[in-house]
Structure formats: structure tokens, C-alpha cells
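# Observations on the three-dimensional arrangement
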Amino acid sequence: MAISANRLELLQIADAVAREKAIDRQIVLAAMEDAIQKAARSRYGSETEIRAEINPKTGEIRLSRLLLVTDQVENDAIHISLPDAQKRNPAAQIGDYIAETLPPFDFGRIAAQSAKQVIVQKVREAERDRQYEEFKDRIGEIVNGLVKRVEYGNVVVDLGRTEGIIRRDELIPRETFRPGDRVRAYVYDVRRETRGPQIFLSRTHPQFMAKLFAAEVPEIYDGIVEIKAVARDPGSRAKIAVTSRDSSIDPVGACVGMRGSRVQAVVAELQGEKIDIIPWSLDNATFIVNALQPAEVVKVVLDEESERIEVVVPDDQLSLAIGRRGQNVRLASQLTGWDIDIMTEAEESERRQKEFTERTALFMEALDVDEVVGQLLASEGFSSVEELAVVDLSELSSIEGFDEDTAQEIQTRAQEYLDRLEQERDQRRIELGVSDELREIDGVTTAMLVAFGENGILTVEDLAGAIPDDLCGWAERKDGEVIRHKGALDGLDVSRVEAENMIMAARVRAGWIEPEPEEDEPADGEGADETAPDAG
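Since the structure is predicted, the reported quantities are computational estimates derived from the model, not experimental observations.

## Focus on the environment of E226
With respect to the helices, strands and loops of the structure, E226 is situated in strand β10 (residues 225-233). E226 gets classed as partly exposed once you look at its relative accessible area, which sits at 29%. Each C-alpha atom, one on E226 and one on S244, is 6.2 Å from the other, the two residues being 18 residues apart in sequence. Ignoring anything within four residues of it in the chain, the contact list for E226 reads A241, V242, T243 and R245. Looking at E226, its side chain comes within polar contact range of the side chain of R245, at 3.2 Å.

Written out as C-alpha cells, the structure reads:
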């Protein structure tokens, strides 16, 4: 069967569009069919159900009208009676559709323009879908492209068959691009939006540096050396923590390369950003000490619950440890995920002396002892009167200069002091108007009751309506700094889990929620038949 010129041209156009937009040829043909259907409706009536088919081999266009088989024909353009339908198809039933072939017709100018818009819209949607599908799985990759234009500081990058954008805040400071410049960037997000898929690129993302190292260091690409964490101050300084799965390979040396060739290649791409390569360690203290390089660290004290660490450095190393404008300690904190407090040896010694003096004064006042005894107790590591009240007597009597009678007397005085303190707190609790019922909540002490009263928690309902943040406080990071907000029970050594348990107990007591059912214990004798010997 010979194909007429216009049919051949139709298929050629479909092939050309499919190649140019990198979409399936069938999608282009389907768009053409939709366009022809729309044009045919403008000729035969908008209520008419038209179907158009283009033969993908010959280019032949077939038009048909679908008629609904009904028992009452209200509109000849869309309905057909059952007897007429069965003349065309004996198996036709009410509710079926009968296809009626329509003659070909010439498109008018308006119909052709409308058809063109439909084709353009469908092809554009298919192209957007293709772009989104192509890039949605490339998040986390580095792409190369040409700068197409710069708009209000944002760089639009030509990635071949689509465009990406590097927003101004994702560019390295003082970095400038002009149309035609080659650029490498990290794909950190792909979104399907009205104007098409938006591909967001970054040159400041920490993983951009990690991917650059993977490209320069074969050991990272092969998985022998692993990048555990990255922290960047884009354009200025960065820290990267690495470890090796093979003990014979030095991870830091592998990243530095011969005479620094590998790290210099990354530095050049990042506009001279200085990079500290840190050996990662499973031990938090060791890792944090490494992260503070090049500063030397004398001592560290970790608080694992709040992920905070105190670092002591020599007096002459303080400025180096903190870095210009706090950069070194800030990057070390980002790298490790810990809040880092830095102090000099002199500051630490002064703080220890202050704590020693405060504990000595506490023991002198609470136990009515002289300074020498107070200092002895403080130097032995006791930090509170509560510890003295419950400690084993043998531990107290083993202190140099103490005997059993002295130890007994100290413990008795400690218990008497705590009893007096408890009475004073209870009196204060009553003055504040705190309900007696709150005392019956598991885990609540008299000191907590006073703290509740001072913070407006006077009843079980007040406690039931609280959240753990209200009791324990919370922290938020703002502009690189951690801001601590106090809670009602600050200073009373209450964990978040304990706070949650108290709040849930209050909600049960207030009748807000049902108590959790306790597991039934087996009744006496239950299951005895299984273990007892037969009585026969």
C-alpha cells in the first residue's frame, strides 16, 4: 500500500520531534491523535465522542464517532438505538459503544492552530516527565554543565537536554560565573513544578566536597576509604573525617595524595578552600580531639546524655583551638555532632578550685563541721549531702583522720540536714499552693514540687497538660550557636524519660487517658495439670 506524501510527512514530523525532545515516538503520535480529536469535535460538536487513530506504519488517519447504545435515543450525535446497533453488531447490548467511521476532512486555520497547541502542550508535558524521571534518581551526583545565564545572582546551567539552577546562597562566596563558563555542581534536589522539573544544584553543600574527593581518590571510589562526616564553611575552610576498612591503608594519606596532588585538585575546584582531613574514630573523645586539629588538647570531659564535651587546651593554644571568629571549633562541632566548650588549663584549674570551695562551704554549713573536715570530704569526691547520707560507713571511716564514730556522726548530721531541708521545702510548697495530690505522682520529690510551684504547675491537671520540654528545657541552634531554654526542673537532674513518665502518670490520674492494662499473672494452680503426675 503506497503512503501518500502528507501521511509520510506526518510520520517524519513525529520522528523528528521524538528525536529532538528525546521522548518516545508513540507519545508524539498520541499527542497528534488528541489534537485531531479536538479539531474533529469543533466540526462535529463538542458533545460528540470522537476517536482518532494514526497508523504508526502508514500514517493513515482513521476517525470514528462512538455512539452509546440506549433504549431511548435523545441525541443522534451521541446515542444509537438497540435495534440499529444490532444491525451493525449483533452482539451489541444497552450500555455498549458502537464505533461509526467518519469521513476525513480538511482542517481549517483555527482548528489547525488549536491542534498545534495541543501537540505542543502534550510534547512539553512528556519532555518534562522525561527530564524529571532522568534526574530524580541523580540526586547526590555531580553534574557538569555550561552557564546559560545569570539572573539576580542565580546561575542557570545548561545540562544538555535540560537546565539546572544554582541559587545565589548555593554559590561559593566571591565566586562569579559568566555565560559560557563550564561549571560542576552537586544535585541536591529535583522537584516536579508547574514550569517543569526544577533541578537544584549546589557548590556549597558538604556532600559536593565528599563527591569531589570520591572522584579524585580511587580508594574512596572503591570503598576502601570511607568519608564519615563533612563540615564546611564554603570558600574558607572545611573539615572531612575519613576512615579505612583496610588497616594497611592510611585514609588521610590516601586523600592527600603524592605531594598533596589529590587534595589540591579539590581545593582548586572549591576556590582555594582550606581542607583539614581528620582521621575518624569510634571513640567520641578521640574523634573530637582529632577534629580540633591543629590545636593540642590536654583533657576532655564528656557528657554523653546531652552530647556536650568540655575540652581543656594549653593557654597558648586557645586561639588556635577556637579559630578565627570561632571557625575551628564551629566546624569541629558540626563534624562530630557534639557541642564543644573550650577552656584553658588556667580556666579549668580556676573552675575546679571554685567547685572545691563551694562544696567545702556546703559541707561546713550543712554538717556544722570545720573547714578541714569540709575540705577532706570535698577532696574525696563527695559533691552533695545526699551522697554522705546514703554512702556506706566504711567508705567514710576509711578517710584519713576519720574513725567509725566520726563517720557515724557525719552521716547522722547529713540525714538530719536533709530532714530539715525536706520540711522547709514542704512548707514552701504549701505557701506556693501546690496540690498534695501532685506528691502522689511516681518520681515527684518535694524539691520538684517547689520547682513546679515556682513555674505555675500547681495541680495534677497542670502537670498533665505539660510536655517534656516544659520540665527539662530545650535547645535550638540559631546562626551556628546553641541557645538553651530552661525548664521547670532545671538543676534537679531529671531526664526526659523520667519527665515523660511523670506527665503520663498525671494524665492517667486526671482521667485524661486510660492506664495501660497490666499483664495478668497466672492464677495459683493454673497449668498444674500439665506438670503434676497422673492421679490414677
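Now, onward.
## Regarding the sheet that holds strand β13 (residues 299-303)
Strand order across the open sheet formed by 3 strands is β13-β14-β15, with mixed pairing between neighbours. Only two strands of the sheet have a single partner each, and these edge strands are β13 and β15 (339-344). Strand after strand, the sheet turns through a mean of 15° between neighbouring axes, direction not considered. By the bridge criterion, 5 bridges tie β13 to strand β14 (residues 308-313) in an arrangement that is antiparallel. Of the residues in β14, the one forming a bridge with V300 is V311.

## Considering the pattern of salt bridges
A pair can form between side chains of opposite charge whenever their charged atoms are brought close. Inspection of the entire model under this criterion finds 28 salt bridges. A salt bridge links D189 to R191, with the shortest nitrogen-to-oxygen separation between them at 2.6 Å. For D189, a relative accessible area of 19% puts it in the buried group. You can call R191 partly exposed: its relative accessible area is 35%. In this structure, the salt-bridge partner of R496 is D469, at a minimum N-O distance of 2.5 Å. Placement of the pair is R496 in helix α20 (residues 496-509) and D469 in helix α19 (residues 468-472), with a sequence separation of 27 residues.

## Structural notes on the packing of aromatic side chains
A complete count under the given rule lists 2 aromatic pairs for this structure. Each ring, one from Y188 and one from F200, has its centre 6.3 Å from the other, and the planes form 45°; the classification is tilted. Remark: F200 occurs in strand β9 (residues 196-202) and Y188 occurs in strand β8 (residues 182-193); sequence separation between them is 12 residues. Given a relative accessible area of 7%, F200 falls into the buried group. The ring of W280 has K228 lying over it, and the distance from NZ or CZ to the ring centre is 4.5 Å.

What counts and how
- Residues numbered from 1 in each chain as written.
- Predicted model: local features only at pLDDT ≥ 70, side-chain atom pairs only at ≥ 80, totals over all residues.
- Heavy atoms only, no water.
- Helix = DSSP H or I, 4+ residues; strand = E, 2+ residues; numbered from the N terminus.
- Buried < 20%, exposed > 50% of the residue type's maximum accessible area, 1.4 Å probe, protein only.
- Contact = heavy atoms within 4.5 Å.
- Polar contact = N/O pair within 3.5 Å; in protein donor to acceptor, adjacent residues only side chain to side chain.
- Pairing = 2+ DSSP bridges.
- Axes fitted to C-alpha atoms, helices over the stretch in contact; angles between N-to-C directions.
- Salt bridge = Lys/Arg side-chain N within 4 Å of Asp/Glu carboxyl O.
- Phe/Tyr/Trp six-rings, centres within 6.5 Å; stacked < 30°, edge-to-face > 60°.
- Lys NZ or Arg CZ within 6 Å of the ring centre and 35° of its normal.

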